[in-house]
Amino acid sequence: MIYVSHVLPVNNIDSAPLTRAQLWDGLVMKANNALPFVAAMSECTVTDRISDTVFDRDIVVNGQASTERITLQEPKRVVFTRIAGSVLGTIANEIEGDDDDLRLRFSFALVIPDVEPGSAEESAYAEGMKSEYLKAVESTIATVRRMTGPPTA
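Predicted model only: the values in this text are computed from it and were never measured. (Residues numbered from 1 in each chain as written. Predicted model: local features only at pLDDT ≥ 70, side-chain atom pairs only at ≥ 80, totals over all residues. Heavy atoms only, no water.)

(A) Main features of the packing of aromatic side chains. Inspection of the entire model under this criterion finds 2 aromatic pairs. Relative to Tyr-133, the ring of Phe-106 has its centre 6.4 Å away and its plane inclined at 20°; by these criteria the two rings are stacked. One end of the pair, Phe-106, is in strand E7 (residues 103-111); the other, Tyr-133, is in helix H2 (residues 120-148), with 27 residues separating them in the sequence. Comparing Phe-106 with Tyr-133, the two get one shared label, buried. Ring plane angle 35° and centroid distance 4.9 Å describe the contact between Phe-108 and Tyr-133, whose orientation is recorded as tilted. Of this pair, Phe-108 sits in strand E7 while Tyr-133 is found in helix H2, placing the two residues 25 residues apart along the sequence. For the residue pair Phe-108 and Tyr-133, the accessibility class agrees, reading buried in each case. (Phe/Tyr/Trp six-rings, centres within 6.5 Å; stacked < 30°, edge-to-face > 60°. Helix = DSSP H or I, 4+ residues; strand = E, 2+ residues; numbered from the N terminus. Buried < 20%, exposed > 50% of the residue type's maximum accessible area, 1.4 Å probe, protein only.)

In structure tokens:
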């Protein structure tokens, strides 16, 4: 199993600040349709609404199909549990800090079939995943900023 966790600041002096509520709304939009947020994703279709906060979606990322169960834990965390596909596990996007120091943490714990735990192959896969997810989180923050517009008072 590979595990990676990384935190990115949401606001900087070069852009209009986002509020916690705006970031949460953006994460919910991403959970429902990640295509505008994740460049490596070519398909994203919600297939089953289990409740207001739990649903399944089929995705294709870098040509690999998976099914994820999404759990919205308002107003803090979105959990993506891979329930079908070649790589299974959990990915989380978590809002940390207050509006003055807003951060977005992404974490993943994934099992890669037919790869020896602790091997160089597993480490290389983990680094590639970290790089992909870092890009996805940076893109998510930028897309949320574009979609939500300036904060409201």
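(B) Quick look at H2. Look at H2: 42 Å from first C-alpha to last across 29 residues, which is about the 42 Å you get at 1.5 Å a residue. Within H2, the full set of buried residues consists of Glu-122, Ala-126, Met-129, Tyr-133, Ala-136, Val-137, Thr-140, Ile-141, Thr-143, Val-144 and Arg-145. (Expected span 1.5 Å × (residues − 1).)

(C) The nonpolar core, seen in detail. Counting 39 residues, the largest nonpolar core has Val-78 and Phe-108 as the members making the most contacts within it. Here this core takes 7 residues from H2, the largest share from any one element. Residues in contact with Val-78, not counting those within four places in the same chain, are Trp-24, Leu-27, Ala-31, Ile-70, Thr-71, Leu-72, Ile-91, Ala-92 and Asn-93. (Core = buried A, V, L, I, M, F, W, Y, C linked by side-chain atoms within 4.5 Å. Contact = heavy atoms within 4.5 Å.)

(D) Representation of the environment of Met-147. Looking at the secondary structure, you find Met-147 in helix H2. Note on Met-147: relative accessible area 43%, which makes it partly exposed. Sequence separation between Met-147 and Val-38 is 109 residues, and the spatial gap between their C-alpha atoms is 14 Å. The residues touching Met-147, leaving out its near neighbours within four places in the chain, are Met-29 and Phe-37.

(E) Local environment of the pattern of salt bridges. Here the structure, examined in full by the defined rule, presents 8 salt bridges. Close ionic contact of Arg-103 with Glu-96 constitutes a salt bridge, the shortest N to O distance being 3.9 Å. Look at Glu-96 and you get buried, because its relative accessible area is 16%. Through salt bridges that share partners, Glu-96, Asp-101, Arg-103 and Arg-105 make up one connected network. (Salt bridge = Lys/Arg side-chain N within 4 Å of Asp/Glu carboxyl O.)

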